[in-house]
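Residues per chain are reported as follows:
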Amino acid sequence: MTKQYTTEDEIRDVSHGKPHVVILGSGASKAACPNGDLNGKILPTMDDLISRTGLEELLEKNHVNFKNKNFEGVFSEIYDIDPSSDLLNLIEEKVFNYFELLELPLQPTIYDHLALSLRKKDLIATFNWDPLLFLACIRNHRYADLPHIVYLHGNTAIGYCEECRMKGAKNGICIKCSKPYTDSKILFPIKNKNYNDSPLIKGEWDTLKLYLAEAYMLTIFGYGAPNTDIEAVELMKEGWGMPETRSLEEIEIIDIKDEEELAETWKPFIHSHHYIVYKNFYSSWAAKHPRRTCETMWQQLMMCQFLGDNNIPKELPFEELWKWYKPLIENE
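This is a predicted model, so every value here is computed, not measured. In this numbering scheme, every chain counts its residues from 1 along its sequence in written order. Predicted model: local features are reported for residues with pLDDT of at least 70 only, side-chain atom pairs are reported and counted for 80 or more only, and whole-chain, interface and lining totals are derived from all residues. Think of the side-chain values as coming from all heavy atoms in the structure, minus any hydrogens and water.

Asks: Help me understand the nonpolar core in this model?
Replies: The tendency in soluble globular proteins is for nonpolar side chains to be buried side by side. Counting 68 residues, the largest nonpolar core has Leu24, Leu55, Leu59, Phe71, Ile91, Val95 and Phe281 as the members making the most contacts within it. A per-element tally of this core places helix 6 (residues 86–100) first, with seven residues. Two residues form a contact once any of their heavy atoms are found within 4.5 Å. Residue contacts for Leu59: discarding those within four places in its chain leaves Ile50, Val64, Phe66, Val74, Ile78 and Ile91. Grouped together as the second largest cluster of nonpolar side chains are 30 residues, Trp205, Leu218, Leu235 and Phe269 included. Only buried residues count toward a nonpolar core, which is a set of Ala, Val, Leu, Ile, Met, Phe, Trp, Tyr and Cys residues joined through side-chain atoms within 4.5 Å. For every residue, the accessible area (1.4 Å probe, protein chains only) is compared with the maximum for its type, and the residue is labelled buried under 20%, exposed over 50%, or partly exposed between those bounds. Working definition: helices are DSSP H or I runs of at least four residues, strands are E runs of at least two. Numbering for both runs from the N terminus.

In structure tokens:
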């Protein structure tokens, strides 16, 4: 008779060395702050970014037709006409300024829970420009070893030293040469992005590909693989490899879209039936088995163990939340 794998077993088990990779899109930031940031500013998606960031007046002044279009399409059209347009620079500045000022609510968010629920061996790769994931890591890093973070399209919270190839907090100082960091450039939605143009962004993608090649679990949270990011999907496929070579690995998709649509979008990554779709983060493996995602997935699928859930107590304030994670962390 199969013995149940208990919560105590789960807490003690840190046997799985392969990484869990989580890829974030704008839907993840929206889910982290569904009612807006600390000051009530709404997290935009590409569909409402023009109105949220106040770009209508600038576009109207420059006779750009943006009605019933999302930001990706509008920006790409302007770029296709004139890649050196002053209007593009003005748009970039306005969008950067909007995202740069976003702040996390004071209570724990999905990003706090996500950061605490992965380990140092794991990776979060975000396409988002907002600083919210970075801020979540800052306020939790004293209590646990957190996952590695890469910013695939740059980030408004990040600075970079090109000479030393080091990144850190915006307005910080390079720990190698003591020179001030320059702001991260953020990549905008044009169809033919060149990820090699920026040493920072190239390095982030190189890191993601290395982690994807070794990953046991891949979670895609709120990222829709838009048509303006074909190169990004190709780079991810390069790291993940052919689906038939990933017969043991598992893919999670956290998204509010229809399951059939999501399965079709991510078909180039999925081996057979090795995927599951969730509508919200708290149904996902990281929320049900924090800091033990790969161990518990392996126990369930490969060892045929019966698992209970060790759900994140999502309503706890920070001090109590950190205490709840302590037994997990101490066993690492």
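Asks: What is the right way to read the sheet that holds strand 2 (residues 123–126) from this model?
Replies: For sheets, the rule is that strands pair by backbone hydrogen bonds, running either parallel or antiparallel. Taken in spatial order, the six strands make up an open sheet running 3-2-1-7-8-9, and their pairing is parallel. At either end of the open sheet lies a strand with only one pairing partner, and these are strand 3 (148–151) and strand 9 (275–278). Between one strand axis and the next, the sheet turns through 15 degrees on average, direction left out of account. Pairing between two strands requires that DSSP report at least two bridges joining them. Bridging between strand 8 (residues 250–254) and strand 9 involves four bridges; their strand directions are parallel. Each residue of the ladder has a partner; that of Glu252, found in strand 9, is Ile276. Along the sheet, helix 13 (residues 293–301) contacts strand 1 (20–24), strand 7 (217–221) and strand 8; its crossing angle with strand 7, the most-contacted strand, is approximately 115 degrees. What counts as an axis is a line fitted to C-alpha atoms, over the stretch in contact for a helix, and the angles between N-to-C directions run from 0 to 180 degrees.

Asks: Help me understand the environment of Gly239 in this model?
Replies: Tracing the backbone through its elements, the reader meets Gly239 in helix 10 (residues 230–240). For Gly239, a relative accessible area of 9% gives the class buried. Sequence spacing of Gly239 and Glu214 is 25 residues, and the spatial spacing of their C-alpha atoms is 8.8 Å. Other than its neighbours up to four places away in sequence, Gly239 contacts Lys209, Leu212, Ala213 and Arg246.

Asks: Whenever I open this one, the packing of aromatic side chains confuses me. Can you help?
Replies: What characterises a pair of aromatic rings is the spacing of the ring centres plus the angle enclosed by the ring planes. Under the pairing criterion, centres of Phe, Tyr and Trp rings, with the six-membered ring standing for Trp, must be within 6.5 Å; the plane angle then separates stacked pairs below 30 degrees from edge-to-face pairs above 60, leaving the rest tilted. Tallied over the full model, the rule gives 17 aromatic pairs. Ring centres of Phe127 and Trp205 lie 5.9 Å apart, and the angle between their planes is 65 degrees; on these two criteria the pair is classed as edge-to-face. Separated by 78 residues along the polypeptide, Phe127 in the loop between strand 2 and helix 8 (132–140) and Trp205 in helix 9 (residues 199–214) bring together distant segments of the chain. The two residues Phe127 and Trp205 agree in class, both being buried. Cluster of aromatic residues (ring-pair linked, three or more members): Phe71, Phe75, Tyr98, Phe99, Trp129 and Phe188. Over a ring means this: the NZ of a Lys or the CZ of an Arg is within 6 Å of the ring centre and within 35 degrees of the ring normal. Over the ring of Tyr98 we find Lys41; its NZ or CZ atom is 4.1 Å from the centre of that ring. Looking at Lys314, its charged tip hangs above the ring of Tyr282, at a distance of 4.6 Å from the centre.

Asks: Help me out: how do you make sense of the packing of helix 5 (residues 71–81) against helix 6 in this one?
Replies: Running from N to C, helix 5 and helix 6 point in directions that differ by 150 degrees, and their axes come no closer than 10 Å. For the element pair helix 5 / helix 6, the angle class is roughly antiparallel. As for how helix 5 packs across helix 6, the hand of that crossing is left-handed. Taken together, the residues of helix 6 that come into contact with helix 5 (itself represented by Phe71, Phe75, Ile78 and Tyr79) are Leu87, Leu88, Ile91, Glu92 and Val95. The class makeup of the residues in the contact of helix 5 with helix 6 is eight nonpolar, no polar and one charged. Between 65 and 115 degrees an angle is taken as roughly perpendicular, under 35 as roughly parallel, over 145 as roughly antiparallel, and anywhere else as oblique. For a crossing to be left-handed, the near helix must be turned anticlockwise from the far one by less than a right angle; the clockwise case is right-handed. When residues are grouped by polarity, Ala, Val, Leu, Ile, Met, Phe, Trp, Tyr, Cys and Pro land in nonpolar, Asp, Glu, Lys and Arg in charged, and all others, Gly among them, in polar.

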